[in-house]
Amino acid sequence: MGIEKVGVVGCGLMGSGIAQIAAQAGCSVVVREVNEERLNKGIASIEKSLAKFVEKGTLSAADRDAARARLRGTTKLEDLKDSDLVVEAIIEQLPDKRELYAALDKICPEHTIFASNTSSLSITEMAFLTARPERFIGLHFFNPVPLMKLVEVIRTIATDPKVFDDAVAFAGRVGKVPVRTSDRTGFIVNRLLVPYLLDAIRVLEQGVASVEDIDNSMKLGCGYPMGPLTLLDFVGNDTTYYIANIMFDEFKEQRFAPPALLKRMILAGWNGRKAGRGFYDYSDPAKPRAMQLT
Ligand code: 3HC
């Protein structure tokens, strides 16, 4: 049986994007948030993104309306009871996930596949919080979900190969390129990306170059769409700090250890674009100004 009905838990940055692309791909989608305020914010961001695609001519107005009609927001977890697949994109805190999966396990039928969009927690640990570890996988999307083409599909030692294949097929159906990987902290992308981002901070910290020159080097010298410090601000410095600590804990390798400057920025609340300040000052969002941090 294919995946037609999709439940998404969490309508924040990632959950809203996942709900959107699943609806655009023709799935019937129910997305759940904890309260109306958050739900409305998430749905508004989906509508804004769909409008942007129509404006750019990559989506017709009729397809936008059809996608929107396939998408329903709710604050009730029970509304996910008919899902073939539930994608969880809530806060990266194991106690919250534990509570959620215990509830979902009771609500959803046996055939429902559970997928976590976690970037750093163990898929295996979450799988065994449920009574269906063989039907549990990781589906790691990238920000901004409607634009980034990759999905990491993560299996554990307990995942049923058929479930893994279904998840890979689903990632393809929602217009992404799936890559297959196993449950090791950071999977593929963050395993490679996080040490690179942390090294960029070390280069800054050691006075090798300025914020702008580090970013221009990787943008113009290597063709990256964003320089590493811009990307850190985009992802959220708190998010990278959190992931780096988990990776350091798993691998005990110095390259995953967050530099002191990053910790100081977290303590200051300079978490990047969303906080108005990070490696850049976003007082004028159209013209970010490099911060003097060293
Ligand atoms: N929906 C629809 N359209 C969107 C959109 C969205 N959600 N977000 C941006 N756009 C549109 C913009 O409005 C813009 O439209 P315009 O051309 O009409 O102005 C267009 O897309 C291009 O955006 P920008 O002009 O802002 O900038 P870029 O051309 O640089 O593209 C980008 C933006 C795709 C984000 C590109 O900069 C990029 O690829 N950056 C790297 C992002 C990245 O590395 N993401 C992964 C982060 S790591 C992660 O997510 C994992 C986690 O575990 C940490």
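Just so it is clear, the model here is predicted, and its values are computed rather than measured.

## A word on the overall build of the protein
Now for step 1: Counting secondary structure elements, the protein contains eleven helices and ten strands.
Now for step 2: The C-alpha atoms of the protein give a radius of gyration of 20 Å, which matches the 19 Å a tight globule of 294 residues would have.
Now for step 3: Burial statistics for the protein: of 294 residues in total, 47% are counted as buried.
Now for step 4: Counting only contacts in the protein whose residues sit at least 6 apart along the sequence, the fraction spanning at least 24 positions is 65%.
Now for step 5: Total accessible area on the protein stands at roughly 14,100 Å², and carbon and sulfur atoms take up 54% of it.
Now for step 6: Treating the 37 positive side-chain charges of the protein as one cloud and the 37 negative ones as another, the clouds have centres 2 Å apart.

## Describing the site of the ligand
Now for step 1: Around the ligand, the surrounding shell holds 18 residues, and the nearest of these are Ser49, Lys56, Ser119, His140 and Asn143.
Now for step 2: Within the side chain of Lys52, a nitrogen or oxygen atom sits 3.2 Å from an oxygen atom of the ligand.
Now for step 3: Note that an oxygen atom of the ligand is positioned 3.1 Å from one of the side-chain N or O atoms of Asn190.
Now for step 4: Here the ligand loses 64% of its free accessible area of 1,100 Å² to cover by the protein chains.
Now for step 5: Among the secondary structure elements, those contributing two or more residues to the shell around the ligand are helix 2 (36-56), helix 7 (189-205) and helix 9 (228-235).
Now for step 6: If one sorts the elements of the shell around the ligand by residue count, helix 2 sits on top with four residues.
Now for step 7: Formed jointly, the shell around the ligand draws a minimum of three residues from each of two domains, domain 1 (5-182) and domain 2 (191-279).

## Brief notes about the pattern of salt bridges
Now for step 1: Tallied over the entire structure, the rule returns 16 salt bridges.
Now for step 2: Arg173 is the partner of Glu4 in a salt bridge, and the nearest nitrogen-oxygen pair spans 3.2 Å. Of the two residues, Glu4 sits in the segment before strand 1 (5-9) while Arg173 sits in helix 6 (residues 161-173), which places them 169 residues apart along the sequence.
Now for step 3: Looking at Arg173, the relative accessible area reads 33%, which means it is partly exposed.
Now for step 4: Across the salt bridge formed by Lys162 and Asp166, the nearest N and O atoms sit 3.0 Å from each other. Remark: Asp166 and Lys162 occur in helix 6; sequence separation between them is four residues, near one turn of the helix.
Now for step 5: The network of salt bridges with shared partners includes Glu88, Glu92 and Lys97.

## Quick word on the nonpolar core
Now for step 1: Among the nonpolar cores identified, the biggest contains 39 residues, and Val29, Leu139, Phe141 and Phe170 are the most heavily contacted of them.
Now for step 2: The residues touching Leu139, leaving out its near neighbours within four places in the chain, are Leu85, Val87, Ala115, Ser116, Asn117, Val151, Glu152, Val153, Ile154, Ala167 and Phe170.

## Details of the side chain of Asp105
Now for step 1: Within the element layout of this structure, Asp105 appears in helix 4 (residues 94-107).
Now for step 2: Non-local contacts of Asp105, meaning those with residues more than four positions away in its chain, are made with Phe114, Thr130, Ala131 and Arg132.

## What about unusual backbone geometry?
Now for step 1: The step from Asn143 to Pro144 runs through a cis peptide bond, and the omega angle for that step is 0°.
Now for step 2: Although it is not a glycine, Phe187 sits at a positive phi angle of roughly 50°.
Now for step 3: The buried category is assigned to Phe187, whose relative accessible area is 5%.
Now for step 4: Its identity as a non-glycine residue notwithstanding, Lys252 has a phi of 55°, on the positive side.
Now for step 5: For Lys252, the position within the fold is in the loop between helix 10 (237-251) and helix 11 (260-268).

What counts, and at which threshold
Residues numbered from 1 in each chain as written. Predicted model: local features only at pLDDT ≥ 70, side-chain atom pairs only at ≥ 80, totals over all residues. Heavy atoms only, no water. Helix = DSSP H or I, 4+ residues; strand = E, 2+ residues; numbered from the N terminus. Rg over C-alpha atoms; globule rule 2.2 N^0.38 Å. Buried < 20%, exposed > 50% of the residue type's maximum accessible area, 1.4 Å probe, protein only. Contact = heavy atoms within 4.5 Å. Areas by Shrake-Rupley, 256 points an atom, 1.4 Å probe, with all protein chains shown as cover. Lys, Arg positive; Asp, Glu negative; His and termini not counted. Charge placed at Lys NZ, Arg CZ, Asp CG, Glu CD. Near = heavy atom within 4 Å. Polar contact = N/O pair within 3.5 Å; in protein donor to acceptor, adjacent residues only side chain to side chain. Domains from an automatic or database assignment. Salt bridge = Lys/Arg side-chain N within 4 Å of Asp/Glu carboxyl O. Core = buried A, V, L, I, M, F, W, Y, C linked by side-chain atoms within 4.5 Å.

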